[in-house]
Amino acid sequence: MIDRDLSEMYGVETRVLNQAIKRNAKRFPPDFMFQVTVQELTDWKSQNVISNKEKMGLRKLPKVFTEQGVAMLSSVLNSETAIAVNIRIIRTFTRIRQMLADHTDLRLEVEQIKKKLDHQDKNMEAVFQYLDELLVREEAPEADRKSIGYQFGSGKS
């Protein structure tokens, strides 16, 4: 989530939120929060068709927060609103994680079915190959073989 969205949820100005982060910089390592690059901001604005940086509060490069960063932010902004919003955000992240886990189980089941089908395909190929070999043997004329046993009409008595 970006800083301006979080500040709106927490009911504070973006600059107040960023000041609180500066005062507590040790609480926000790179895996909790990072700043968007100029290129990322340009791409993001292009995708969202944002024409006026000033209007959207984007005078500076926004900060982006991970789930852990959002949780840490509630301890920095220790207000009733911050606590209530943080609880809702954490519950949302938990639901998202659960949905991903549910879909992971489904994906694993589909992969297992695919593996079974792959094995069946290989087995069917082997069966058809064996049948082809049998057909080729049956169609091939037998080589002249010397008959065994008594032969009728050979002219010898």
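Residues numbered from 1 in each chain as written. Predicted model: local features only at pLDDT ≥ 70, side-chain atom pairs only at ≥ 80, totals over all residues. Heavy atoms only, no water.

## Structural notes on the overall build of the protein chain
- Looking only at helices and strands, the protein chain has five helices and two strands in total.
- Put simply, the protein chain runs from its N terminus to its C terminus through helices and strands in the order α-α-β-α-β-α-α.
- Residue burial in the protein chain is summarised as follows: out of 157 residues, 20% are buried.
- When the accessible surface of the protein chain is totalled, it reaches about 12,900 Å², and 55% of it is carbon and sulfur. (Helix = DSSP H or I, 4+ residues; strand = E, 2+ residues; numbered from the N terminus. Buried < 20%, exposed > 50% of the residue type's maximum accessible area, 1.4 Å probe, protein only. Areas by Shrake-Rupley, 256 points an atom, 1.4 Å probe, with all protein chains shown as cover.)

## Comments concerning the confidence of the model for the protein chain
- The predicted model of the protein chain has a mean per-residue pLDDT of 79, with 84% of residues at 70 or higher.
- Considering each helix and strand of the protein chain separately, the mean pLDDT is smallest for helix 3 (residues 38–48), with a value of 73, and largest for strand 2 (residues 63–65), with 89. (pLDDT = per-residue confidence, 0-100.)

## A few points about the pattern of salt bridges
- On inspection of all chains with the given rule, the structure shows three salt bridges.
- Two residues, R107 and E111, come together in a salt bridge whose shortest N-O distance is 3.2 Å. With R107 and E111 both in helix 5 (residues 80–139) and four residues apart, the pair spans about one turn of that helix.
- Classification of R107 as partly exposed rests on a relative accessible area of 46%. (Salt bridge = Lys/Arg side-chain N within 4 Å of Asp/Glu carboxyl O.)

## Focus: the packing of aromatic side chains
- Applying the stated criterion across every chain, the model contains one aromatic pair.
- Ring centres of F28 and F65 lie 6.1 Å apart, and the angle between their planes is 80 degrees; this geometry places the pair in the edge-to-face category. Within this pair, whereas F28 is found in the loop between helix 2 (14–23) and strand 1 (33–35), its partner F65 is found in strand 2, the two being separated by 37 residues in sequence.
- For F28, a relative accessible area of 6% puts it in the buried group. (Phe/Tyr/Trp six-rings, centres within 6.5 Å; stacked < 30°, edge-to-face > 60°.)

## Side note on the nonpolar core
- Residues L6, Y10, L17, F65 and L73 are the most contacted members of the largest nonpolar core, which totals 15 residues.
- Of all elements in the fold, only helix 1 (3–10), helix 2, helix 4 (67–76) and helix 5 reach the threshold of two or more residues within this core.
- The residues contacting L73, other than those within four sequence positions of it, are L6, Y10, L17, I21, F28 and F65. (Core = buried A, V, L, I, M, F, W, Y, C linked by side-chain atoms within 4.5 Å. Contact = heavy atoms within 4.5 Å.)

## A few points about the side chain of D3
- Within the secondary structure, D3 sits in helix 1.
- No salt bridge is formed by the buried D3; its nearest oppositely charged neighbour, K63, is found at 5.2 Å.
- If sequence neighbours within four positions are ignored, D3 has contacts with T14, L17, N18, P62, K63 and F65. (Lys, Arg positive; Asp, Glu negative; His and termini not counted.)

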